[in-house]
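One letter stands for each residue in the lines below.
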Amino acid sequence: MSLSTSVTAGLAAAAVVGAGLVGFGVYQAVDNGKPPTNEATLVVGTSSVRAEPTCYNGGKAIAEADLAKCAQQAAKDSGDNKLTSLDVRASDRVGVGVPKDLADKGWYAFTGQGQNRTPIIAGATGVTYSGSVSAAGLMTSDEKTMVTVAAVDKDTNEYYAVWFFNMNNQKS
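Think of each chain on its own: its residues are numbered from 1, step by step along the sequence as written. Given that the model is predicted, a residue must reach a pLDDT of at least 70 before its local features are reported, and side-chain atom pairs must reach 80 or more before they are shown or counted; all residues, however, enter totals for whole chains, interfaces and linings. The basis for every side-chain value is the complete set of non-hydrogen atoms in the structure, without hydrogens or water.

**Q** I'd love a proper account of the side chain of Asp92, names of residues and values included.
**A** In DSSP terms, a helix is any run of H or I states spanning at least four residues, a strand is any run of E spanning at least two, and both are numbered starting from the N terminus. Here Asp92 shows up in the loop between strand 4 (85-88) and strand 5 (93-97). Every residue pair with non-hydrogen atoms within 4.5 Å of one another is taken to be in contact. Those residues in contact with Asp92, other than ones at most four positions away along the chain, are Val44, Gly45, Asp87, Val133, Ser134 and Ala135.

Spelled out as structure tokens, the structure:
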């Protein structure tokens, strides 16, 4: 069975118009006069959330004193349930994504604090997504597990952005 020339031409025209509309929509979404965001993404299972960095200095390195203040504020925000969060179960997979320009500098993500850090991704450069790791190894015994994501220049060890998320630990 063959299609007539006019039906084939009509389908081709519809495909061209559709592709043009999709291309225009993508152009509009990308070039809407706003600068690109520096949002990081936390993925838990099939859900995801995005957040602006808690610590950011307009693309310049962040001073050590400002990093300390930022971490203190994040701890307070975590206790006040003000951090962007997702529910997590031990059976879930967890991943993190960062913007390309910051990924090119270098970045890492972990749960826990101090000596009890568990890496999600460590020392990645150029990679924008951590891949998925088991939540069971990331979750703390607390009600919440804080996730820290940091864009850090691999050569200078300067911080350029830090994001904080909470994973709300759920019983399986």
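**Q** How would you explain the sheet that holds strand 2 (residues 47-51) if you had to name every residue and give the values?
**A** Pairs of strands are assigned from DSSP output, requiring at least two bridges between the strands. Strand order in the open sheet formed by four strands is 2-1-5-8, with antiparallel pairing between adjacent strands. Lying at the two open borders of the sheet, with one neighbouring strand each, are strand 2 and strand 8 (133-134). Pairing geometry for strand 5 and strand 8, over two bridges, is antiparallel. Looking at the pairing, Val94 lines up with Val133 of strand 8.

**Q** I'd love a proper account of helix 2 (residues 64-79), names of residues and values included.
**A** The span expected for a helix works out to 1.5 Å for each residue beyond the first. Helix length check: helix 2 (16 residues) gives 23 Å between terminal C-alpha atoms against 22 Å at 1.5 Å per residue, within 8%. Exposure is judged per residue with a 1.4 Å probe applied to protein chains only, and the accessible area is read against the type maximum: over 50% gives exposed, under 20% gives buried, and values in between give partly exposed. Burial in helix 2 covers these residues: Leu67, Cys70, Ala74, Asp77 and Ser78. For helix 2, the arc enclosing every buried residue in end-on projection is 95°, short of the 170-degree limit, so these residues lie on one face. Counted as exposed and oriented over 90 degrees from the buried face of helix 2: Lys69, Gln72 and Gly79. By construction, the arc corresponds to the directions joining the helix axis to the C-beta atoms.

**Q** I'd like a rundown of the pairing of strand 10 (residues 159-169), residues and numbers included.
**A** Across the eleven residues that make up strand 10, a large majority, ten, are buried. Sheet topology note: the strand 3 (residues 55-56)/strand 10 ladder contains two bridges and is antiparallel. Across the sheet, the residue bridging to Tyr56 is Ala161, located in strand 10. Sheet topology note: the strand 4/strand 10 ladder contains four bridges and is parallel. If you follow Val88 over to strand 10, its bridge partner there is Asn169. Two strands pair when backbone bridges link them, and strand 9 (residues 144-152) and strand 10 are joined in this way by nine bridges, in the antiparallel orientation. Opposite Lys144, over in strand 10, you have Asn168 as the bridge partner.

**Q** So what about unusual backbone geometry? Which residues, and what values?
**A** Of note in this structure, Asn81 is not a glycine but carries a positive phi near 60°. Here Asn81 shows up in the loop between helix 2 and strand 4. Although it is not a glycine, Asn157 adopts a positive phi angle of roughly 60°.

**Q** So what about the pattern of salt bridges? Which residues, and what values?
**A** Pairs can form between side chains of opposite charge once their charged atoms are near each other. A pairing counts as a salt bridge when a side-chain nitrogen of Lys or Arg comes within 4 Å of a carboxyl oxygen of Asp or Glu. Scanning the entire structure with this criterion turns up three salt bridges. Ionic pairing is found between Glu39 and Arg50, a salt bridge with its closest N-O pair at 2.9 Å. Here Arg50 lies in strand 2 and Glu39 lies in the loop between helix 1 (5-30) and strand 1 (40-44), a separation of eleven residues in the sequence. Residue Glu39 is classed as partly exposed on the basis of its relative accessible area of 23%.

**Q** If you had to explain the confidence of the model for the protein to someone new, which residues and values would you point to?
**A** When pLDDT is averaged along the protein, the result is 82, and 78% of the positions lie at 70 or above. Predictor confidence is given residue by residue as pLDDT, running from a minimum of 0 to a maximum of 100. Within the protein, helix 1 has the poorest average pLDDT of any element, 40, and strand 4 the best, 97. Here residues 7-34 is modelled with pLDDT under 50, and outside its nearest four sequence neighbours on either side it reaches two contacts, counting other chains as well.

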